[in-house]
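Structural characterization, general
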Amino acid sequence: MFSHDATSSPTPDGDALRIGDAVLQSRFFLGSAGYPSPQVLHDALRASRTQVVTVGLKRTLHAAGDNGFIQLLQQAMRANGARLLPNTAGCRSAREAVQLSHMAREVYGTPWVKLEVTGDDHTLQPDPFELLSAATELVKEGFTVFPYCTDDLVLCRRLLDAGCAVLMPWGAPIGSGQGLLNPFALRTLRERLPDAVLIVDAGIGAPSHAAQALELGFDAVLLNSAVAQARDPVRMAGAFRDAVQAGRDAWRAGVMAKQDFAVPSTPVGSEPVLLG
């Protein structure tokens, strides 16, 4: 059984992320797949200071005999007071995703689920119809649903209406590392859904992409490949940790508005100023 106690006290300045009964000090969610070794995964999770770790149920069932992976994952999660976010990666229908979600709740003892229903094998784009169907059913059955979706405003509204606690729109196709391909759509989501918890998931390839997402006002980011596939995953996890915090600080401080023309940073008066 994995611990999912993340109700530690909020950050000193009160800028905690609240999802249901969970109070999270970190806004950096991290995946657990594709690392060079279980030990590197353990060290990267600790460097990231993440408090939410995603795990694919299909993968862990396939690697059920890999006690090293399971044990080190548990140790890293306990060190950070992290909780598990099982995902339904690999599902292609609402029915399959619902069944896997029930299995995840039984195995991991958490109602949290990152809901993934793939609609296209080339882009791995989520299927909006199957996703909404699965989310509606799972919410009624007591799950806290984190749907991985596109940046379509209408779909996001429907998912919120279905009772999803969080929305996880993509920045770019999963694993592509292309960053935020449509900042306009993401900015629109933030503006039109001001009270929703929004987490950019998929496509982030560099710490600057994560900072940009937080600067747009998103509540957190979730990524995996950008850390797991780095030359030094542990150092990269630390870089993303700092970038996420920098982006959040910039959003709270107020990023200056863009201008279509030059604006002198130092106003120039008509009279000379004599010093001394």
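Residues numbered from 1 in each chain as written. Predicted model: local features only at pLDDT ≥ 70, side-chain atom pairs only at ≥ 80, totals over all residues. Heavy atoms only, no water.

Quick notes on the packing of helix α4 (residues 94–108) against helix α5 (residues 128–140)
Rules: All axes are obtained by fitting lines to C-alpha atoms, using only the stretch in contact for helices, and the reported angles, taken between N-to-C directions, cover 0 to 180 degrees. The helix count covers DSSP runs of H or I at least four residues long, the strand count covers runs of E at least two residues long, and both are numbered beginning at the N terminus. What makes a crossing left-handed is the near helix being turned counterclockwise from the far one by less than a right angle; a clockwise turn instead makes it right-handed. It only takes one pair of heavy atoms within 4.5 Å for two residues to be counted as in contact. In this classification, the charged set is Asp, Glu, Lys and Arg, the nonpolar set is Ala, Val, Leu, Ile, Met, Phe, Trp, Tyr, Cys and Pro, and all remaining amino acids, among them Gly, are polar.
Taken N-terminus to C-terminus, the directions of α4 and α5 make an angle of 35 degrees; their axes are 8 Å apart at the nearest point. The two elements α4 and α5 meet at a crossing, and its hand is right-handed. Across from A94, A97, V98 and S101 in α4, the residues of α5 making contact are E130, S133, A134, E137 and L138. The residue inventory of the contact of α4 with α5, partitioned by class, reads five nonpolar, two polar and two charged.

Description of unusual backbone geometry
Notably, R49 is not glycine yet its phi reads approximately 60 degrees, a positive angle. With respect to the helices, strands and loops of the structure, R49 is situated in the loop between α1 (38–48) and β4 (52–56).

A look at the environment of G90
How we decide: Throughout this description, buried means an accessible area under 20% of the type-specific maximum (1.4 Å probe, protein chains only), exposed means over 50%, and partly exposed covers the range between.
By secondary structure assignment, the location of G90 is in the loop between β5 (83–87) and α4. Taking the relative accessible area as the measure of exposure, G90 reaches 32% and is therefore partly exposed. C-alpha of G90 to C-alpha of L124: the two residues are 34 residues apart in sequence and 9.4 Å apart in space.

Concerning the UniProt feature "binding site: 1-deoxy-D-xylulose 5-phosphate" (unreviewed entry) in the protein chain
The cut-off we apply is this: UniProt positions are given in the numbering used here, feature names are shortened, and annotations may be inferred rather than shown by experiment.
Taking the numbering used here, the UniProt-annotated feature "binding site: 1-deoxy-D-xylulose 5-phosphate" (unreviewed entry) corresponds to G175, A202, G203, N224 and S225. For the residues just named, distributed over 51 residues, the greatest C-alpha separation is only 9.4 Å, placing them together at one site. Locating G203 in the fold gives a position in the loop between β9 (199–201) and α8 (207–215). When neighbours within four sequence positions are excluded, G203 is seen to be in contact with A172, P173, I174, G175, S176, G177, Q178 and G179. Topologically, N224 is positioned in the loop between β10 (220–223) and α9 (225–228). The exposure class assigned to N224 is buried, which follows from its relative accessible area of 18%. Apart from residues no more than four positions distant in its own chain, N224 is found in contact with L30, G31, S32, A33 and Y35.

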